There are 4 protein chains.
Amino acid sequence: MSQETLKHQLYIIIFGTHTPAGRRFDILLIVAIISSLVVLILDSVPAFAQQWQKEFDILEYLFTALFTVEYLLRLYCSPKPKAYAKSFYGVIDLLAILPTYLAFFFPSASFIGIIRLLRVMRIFRILKLVRFLQDSNLLVRTLAMSQRKILIFFSAVAILVTIFGALMYVIEGPENGFTSIPRGIYWAIITITTVGYGDVVPKTPLGQAVAALTMLLGYSILAVPTGIITAELNQEMKAHRTLVLCPNCAKGGHETDALFCKHCGSELAEPDKRVVPVNKPDS
Amino acid sequence: MSQETLKHQLYIIIFGTHTPAGRRFDILLIVAIISSLVVLILDSVPAFAQQWQKEFDILEYLFTALFTVEYLLRLYCSPKPKAYAKSFYGVIDLLAILPTYLAFFFPSASFIGIIRLLRVMRIFRILKLVRFLQDSNLLVRTLAMSQRKILIFFSAVAILVTIFGALMYVIEGPENGFTSIPRGIYWAIITITTVGYGDVVPKTPLGQAVAALTMLLGYSILAVPTGIITAELNQEMKAHRTLVLCPNCAKGGHETDALFCKHCGSELAEPDKRVVPVNKPDS
Amino acid sequence: MSQETLKHQLYIIIFGTHTPAGRRFDILLIVAIISSLVVLILDSVPAFAQQWQKEFDILEYLFTALFTVEYLLRLYCSPKPKAYAKSFYGVIDLLAILPTYLAFFFPSASFIGIIRLLRVMRIFRILKLVRFLQDSNLLVRTLAMSQRKILIFFSAVAILVTIFGALMYVIEGPENGFTSIPRGIYWAIITITTVGYGDVVPKTPLGQAVAALTMLLGYSILAVPTGIITAELNQEMKAHRTLVLCPNCAKGGHETDALFCKHCGSELAEPDKRVVPVNKPDS
Amino acid sequence: MSQETLKHQLYIIIFGTHTPAGRRFDILLIVAIISSLVVLILDSVPAFAQQWQKEFDILEYLFTALFTVEYLLRLYCSPKPKAYAKSFYGVIDLLAILPTYLAFFFPSASFIGIIRLLRVMRIFRILKLVRFLQDSNLLVRTLAMSQRKILIFFSAVAILVTIFGALMYVIEGPENGFTSIPRGIYWAIITITTVGYGDVVPKTPLGQAVAALTMLLGYSILAVPTGIITAELNQEMKAHRTLVLCPNCAKGGHETDALFCKHCGSELAEPDKRVVPVNKPDS
């Protein structure tokens, strides 16, 4: 087998998802990522760390070795290694192994804070899982299409939150826990999103009245992003429904999940291959 | 009356819901289940338990006897007793009586924890009520159709929550209550779902800024499941409206809740039997 | 003027809303109700009550006198006084004046608790305002049409909340504040609705894991009632849109709020008089 | 260049957004507003204020000078200066500079509270940013069209909150923190909006039962504003889709965000100029 063929075969297994080998590779990788995350999370619990520190460290080195091999293989078999290395997935794949190497070269003699940081930064290898969520393209497309409206919405929320935060800073003052405008804004975000920790709370009657107003406002503007996304999803699903045509009888109006024509019963194109004339987020 | 006829008659009363006798049996059963739950719940309140322990125990034995008879009758008159015993409802019907028998055979001499567990496990007999919610098929079908999208949504939430939980563990550290990554994840879930107990709360300015970001994120992604279910329900209702036709005048466009044709006034098919050509959850 | 004519004229002023006099009567009544509520609410604040107790009492007697006159006039001029007295509004109008009379006949010598109760029960006169919200018939109709689905939804929530409440009672136990199953259910409702007071909170790791599950569940099923109401409202609004025809050019497709035909510009029927063939909640 | 031409050129730069110079002016203004807000917010943090008080004050005077020049230029070049001065934006532009001048004329010898108030009132210059959110006309129009329904919704919430607040005042009483009806209403708003601070919390079993009811109610009526806005947005988007036609091929069915015709590829009218025949909020 020539090197080129080997490279291409590897490419199909590692980057592809439609061959049995490619699918097996994906499942193996998912299992490795999740196991490595479980080790990482358990390692942060003092009770477990004391008992199994050594085992956790060995497992961590094994996972790092595995992900390093995966990264090198991807670089090797990718037709455009530079493009891969600069892509979102390439950066994530590098970030998944980097902290362990850094922790190795800057031993525990240095700052404890940095060690903890490097340890925890490994958690970003969870983003390797995003690759496998990519077939969620209806959702991603909807969010991408609504992004301008959602940006406007968040600007409006930012303005409201700043005004109410500053107002409460004047009304309640440092003596009631509102020590600065940023703290007031923190309170306003807690209140408008209906989280309501209760760590910063108005004490004066006027402050409580303004707080009640903030809550009711938060309550009703919560409806806006929901409305945007729902309406957009509705349009998306309807576009799907109207535009997929049966290859046999050429009639449309099929459900998004339909696999067979409801008029003549012949098989429809696979969902992934249907032409849906909607402006894509990445074009 | 031959035994077969008796069996079939019992079957119609116990499993059926459309004869007067079947309906009366259902109502009796619902009353028994709810009464038994009320006894169980009151029994857990120390003040009531001290005063009426004996009465509660007697009632519990009576209810167990009743549900045992019901279970045996169902097994007897079901045309496929094995299939029933293995079905969701069969298992629930067994679970509704098992804890009382187990508590009887492992008397109070053994672990108190197990006794409490067995006592409380009786609460699962509330699931016997699910049988009577089954005509909610529009809702169940919608949820079933959206389940892939909802799964993807929850994966995304899991990734976000892990990242933010780990971040806060680094930023706030054990000195501010974030003693481990699992605790950080617990905090992130409390925050992103806008529950906001306030038992774990960021203390440092940087931590509060990240918390504010988490809240705004949770606030806006809450819109996604709502959007999914609404859009799906909308499609369902429209399909219903277009595809359910009056058996008399063959005209469509009826509301989901309509019982009579709005064009000619003749009765429509029962909601459960209307043909809505959508792929069912269990096929 | 004959007595019959007087009765009818009074009827038009008091029950009607379309004549100038009827509208003035309505505004006067709304002002009286809200003023009386403001007095009632201020009266409950200790600082205000001490200073103006006498003024508040005099105002309360005046308002009661006013509402008594209103009630008697309604009884007098209604064509079917008995039907009015038994209707929702009749009962509310009686309840608005009853507590003051009762407090008069059972003087402060009796239980203080009852006095306080009678005082506060006057707040129910706020329900007199419901009369003026009645033109919200799109909303009421939507809620009425969704009521069966919402009932099923609440049954499901009740089942979930009972199971999770009982589970937490076993896991956390009385030592962590979960003193009984009802208290567990109270916690589950706080959590699943994302209110999150923080007064009952899980302490054990297992309890916190179950709590996280409850939150995520609450987060996603919150989408269900929203979806139901949105889809129903959508259908309602579309029905409006398609079915109102222009009296001049007979074309349809008008917005719910449109006052003029968008095809030829002639005036449409008043919104209240448009025929919308939807099964009404009260028929 | 005549004075008239200069005036008109300034008008195009300052009020217009479509020329390169106009766009550059807008960006400069946005940067200035946000910088001035950042200074203001940092100034409120005691640690920063102590260290950089002088620098903050100088920056504040510079920003005030800048906004004063902007205000005067707007007054000068506006074709109708009076109309501008009375418009929402004119008032905001004046409010953005007024507090600094007032603080200058009423020196720190007077009340400290007023100084703090004037300092913080500068935050309202954030409203100058609203000008740049104006292309959010789909959202604004939707909110404006739903405003009557939302008003009715808030009246219903006000009624519910008053009743539950008064109820809890009777049930829990001052001994459990419910010291007056306004405080009860404050609790009811916290609960019904699912904020749940936990600063006022029911202690008695009956109070907790009523609280649970309030939560479930809040949980389900939250769906109403969402439903209203979603349904309204849906109608808007559909109207847009049906009624916006390609200027080249005259075909419709374009997405709200589409910039090019999907049938022939020619450019569509700019979003702001598309004719959507819906009654505008301000007419």
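Residues numbered from 1 in each chain as written. Chains lettered and ligands numbered in written order. Predicted model: local features only at pLDDT ≥ 70, side-chain atom pairs only at ≥ 80, totals over all residues. Heavy atoms only, no water.

In the nomenclature of an unreviewed UniProt entry, chain A corresponds to Ion transporter from the organism Vibrio rumoiensis. According to the UniProt record, the Subcellular location (unreviewed entry) comment for chain A is "Membrane". (UniProt positions renumbered as here; feature names shortened; annotations may be inferred.)

K.L.:
Quick question: what am I supposed to make of the overall build of chain A here?
P.N.:
Helix and strand counts for chain A stand at eleven helices and zero strands. Shown N-terminal to C-terminal, the secondary structure of chain A runs as helices and strands in the order α-α-α-α-α-α-α-α-α-α-α. Expressed as a percentage of its 283 residues, the buried residues of chain A come to 48%. Taking the intrachain contacts of chain A between residues at least 6 apart in sequence as the baseline, contacts between residues at least 24 apart amount to 54%. Accessible surface, chain A: about 13900 Å² in total, of which carbon and sulfur atoms supply 69%. (Helix = DSSP H or I, 4+ residues; strand = E, 2+ residues; numbered from the N terminus. Buried < 20%, exposed > 50% of the residue type's maximum accessible area, 1.4 Å probe, protein only. Contact = heavy atoms within 4.5 Å. Areas by Shrake-Rupley, 256 points an atom, 1.4 Å probe, with all protein chains shown as cover.)

K.L.:
Whenever I open this one, the interface of chain A and chain B confuses me. Can you help?
P.N.:
Where interface size is given, it is often the accessible area lost as the parts come together that is meant. Of the residues lining the interface, 48 residues belong to chain A; the matching set on chain B comes to 52 residues. Note on chain A versus chain B: buried area summed over both sides is about 4400 Å², and carbon and sulfur give 72% of it. On the surface where chain A and chain B come into contact, there are three residue pairs in polar contact (both at pLDDT 80 or more). Of all the secondary-structure elements, those providing two or more residues to the side of chain A that touches chain B are α2 (20-43), α7 (112-121), α8 (137-172), α9 (181-192), α10 (205-221) and α11 (223-243) of chain A. (Buried area = accessible area lost by both parts, 1.4 Å probe. Polar contact = N/O pair within 3.5 Å; in protein donor to acceptor, adjacent residues only side chain to side chain.)

K.L.:
Honestly, the relation of the copies chain A and chain D in this entry has me stumped. Any pointers?
P.N.:
Copy one and copy two of the chain differ by a rotation about a common axis and a shift along it. After a rotation of 90° and a shift along the axis of 0.0 Å, chain A superposes on chain D with an RMSD of 0.1 Å. In symmetry terms, the pair is related by a four-fold rotation axis. Of the residues that chain A buries at the interface, just 18% are likewise interface residues in chain D, meaning the two copies contact each other through different surfaces. (Least-squares fit on C-alpha atoms with pLDDT ≥ 70 in both.)

K.L.:
Even after reading the chapter, I still don't get the relation of the copies chain A and chain B, so can you show me in this structure?
P.N.:
Once turned by 90° and shifted 0.0 Å along the axis, chain A lies on chain B with an RMSD of 0.1 Å. A distinct binding surface is used by each copy, with only 19% of the interface residues of chain A retained as interface residues in chain B.

K.L.:
Please clarify how the interface of chain A and chain D should be interpreted in this entry.
P.N.:
The interface is formed by 50 residues belonging to chain A together with 48 residues belonging to chain D. Summed over both sides, the interface of chain A with chain D buries roughly 4500 Å², with 71% coming from carbon and sulfur. Across the contact surface, chain A and chain D share zero salt bridges. Here chain A and chain D share three residue pairs in polar contact (both at pLDDT 80 or more) between them. (Salt bridge = Lys/Arg side-chain N within 4 Å of Asp/Glu carboxyl O.)

K.L.:
Quick question: what am I supposed to make of the side chain of Glu70(B) here?
P.N.:
As for its placement among the helices and strands, Glu70(B) is situated in helix α3 (residues 46-77). Residues in contact with Glu70(B), not counting those within four places in the same chain, are Phe25(B), Leu29(B), Asp93(B), Lys128(B) and Arg131(B).

K.L.:
Sorry, what's going on with the packing of aromatic side chains here?
P.N.:
Within a pair of aromatic rings, the relevant descriptors are the distance that separates the centres and the angle that separates the planes. What the rule picks out here adds up to 32 aromatic pairs over all chains. Centroid distance Phe153(C) to Phe154(C): 5.5 Å. Interplanar angle 65°. Geometry classified as edge-to-face. Phe153(C) gets classed as buried once you look at its relative accessible area, which sits at 6%. Through a chain of ring-to-ring contacts, the aromatic side chains of Tyr11(A), Phe15(A), Tyr71(A) and Tyr84(A) assemble into a single cluster. Across the ring face of Phe15(B), the terminal group of Arg74(B) is positioned such that the distance to the ring centre comes to 5.0 Å. Note that Lys7(C) overlies the ring of Tyr76(C), its terminal NZ or CZ placed 5.6 Å from the centroid. (Phe/Tyr/Trp six-rings, centres within 6.5 Å; stacked < 30°, edge-to-face > 60°. Lys NZ or Arg CZ within 6 Å of the ring centre and 35° of its normal.)

K.L.:
Where do I start with a nonpolar patch on the surface in this structure?
P.N.:
All names here are of chain D. There is a patch of nonpolar side chains on the surface, built from Tyr61, Val91, Leu94, Leu95, Leu98, Tyr101, Leu102, Phe104, Phe105 and Phe106 and spanning about 930 Å² of accessible area. Mapped onto the nonpolar patch, the elements with two or more residues apiece are α5 (88-95) and α6 (98-105). Looking at the nonpolar patch element by element, the count peaks at five residues for α6. Residue tyrosine 61 is classed as partly exposed on the basis of its relative accessible area of 47%. (Patch = residues over 30% accessible without salt bridge, like charges linked within 9 Å, V, L, I, M, F, W, Y side chains within 5 Å.)

K.L.:
Help me understand the UniProt feature "transmembrane region" (unreviewed entry) in chain A in this model?
P.N.:
Residues and elements named next belong to chain A. Mapped onto this numbering, the UniProt entry gives "transmembrane region" (unreviewed entry) at residues 27-46, 96-118, 150-171 and 209-231. Across residues 27-46, helical content stands at 90% and strand content at 0%; the span's end C-alpha atoms are separated by 31 Å. In this annotation, residues 150-171 is assigned 100% helix and 0% strand; the end-to-end C-alpha distance for the span is 31 Å.

K.L.:
Looking at this model, I keep getting lost on the pattern of salt bridges. Mind explaining?
P.N.:
Side chains that differ in charge, positive against negative, can pair when their charged atoms come close. Scanning all chains against the criterion turns up 28 salt bridges over all chains. Put simply, Asp93(C) and Arg74(C) hold a salt bridge, and the shortest N to O gap is 3.7 Å. In this pair, Asp93(C) is assigned in helix α5 (residues 88-95) and Arg74(C) in helix α3 (residues 46-77), connecting sequence segments 19 residues apart. Under the relative-accessibility criterion, Asp93(C) is labelled buried at 0%. Under the relative-accessibility criterion, Arg74(C) is labelled buried at 1%. As a salt-bridge pair, Asp93(C) and Arg131(C) come within 2.7 Å of each other at their nearest N and O atoms. A residue pair is termed long-range when its members are at least 10 positions apart, and Asp93(C) in helix α5 and Arg131(C) in the loop between α7 (112-121) and α8 (137-172) qualify at 38 residues. For the pair Asp93(C) and Arg131(C), one class covers both residues: buried. What you see here is one network of salt bridges that share partners, running through Glu70(A), Arg74(A), Asp93(A), Lys128(A) and Arg131(A).

K.L.:
So what exactly am I meant to see when it comes to the environment of Gly218(C) here?
P.N.:
Tracing the backbone shows Gly218(C) in helix α10 (residues 205-221). Sequence separation of Gly218(C) and Arg74(C) is 144 residues, and the distance between their C-alpha atoms is 47 Å. Beyond its immediate sequence surroundings of up to four residues, Gly218(C) is in contact with Ile192(C) and Tyr219(D).

K.L.:
Looking at this model, I keep getting lost on the side chain of Thr194(A). Mind explaining?
P.N.:
Note on placement: Thr194(A) falls in the loop between α9 and α10. A relative accessible area of 3% means that Thr194(A) is categorised as buried. Other than its neighbours up to four places away in sequence, Thr194(A) contacts Thr194(B), Thr194(C), Thr193(D), Thr194(D) and Val195(D).

K.L.:
Mind showing me how you'd approach the environment of Leu73(C) here?
P.N.:
Residues and elements named next belong to chain C. If you trace the backbone, leucine 73 turns up in helix α3. Judged by relative accessible area, leucine 73 falls into the partly exposed class, the value being 30%. Through-space distance from the C-alpha of leucine 73 to that of leucine 10 is 8.0 Å; in sequence the pair is 63 residues apart.

K.L.:
Explanation requested: the packing of helix α3 (residues 46-77) of chain A against helix α6 (residues 98-105) of chain A in the structure shown.
P.N.:
Helices that pack against each other are described as a pair by the angle of their axes relative to one another and the distance between those axes. Residue and element names in this part refer to chain A. Running from amino to carboxyl end, α3 crosses α6 at an angle of 125°, the nearest separation of the two axes being 9 Å. In this view, α3 runs oblique relative to α6, as classed from their interaxial angle. Seen along the crossing, α3 lies across α6 with a hand that is left-handed. Across the interface between the two elements, Glu60, Tyr61, Thr64 and Thr68 from α3 touch Thr100, Tyr101 and Phe104 from α6. (Axes fitted to C-alpha atoms, helices over the stretch in contact; angles between N-to-C directions. Parallel < 35°, antiparallel > 145°, perpendicular 65-115°, else oblique. Left-handed = near helix turned anticlockwise from the far one by under 90°.)

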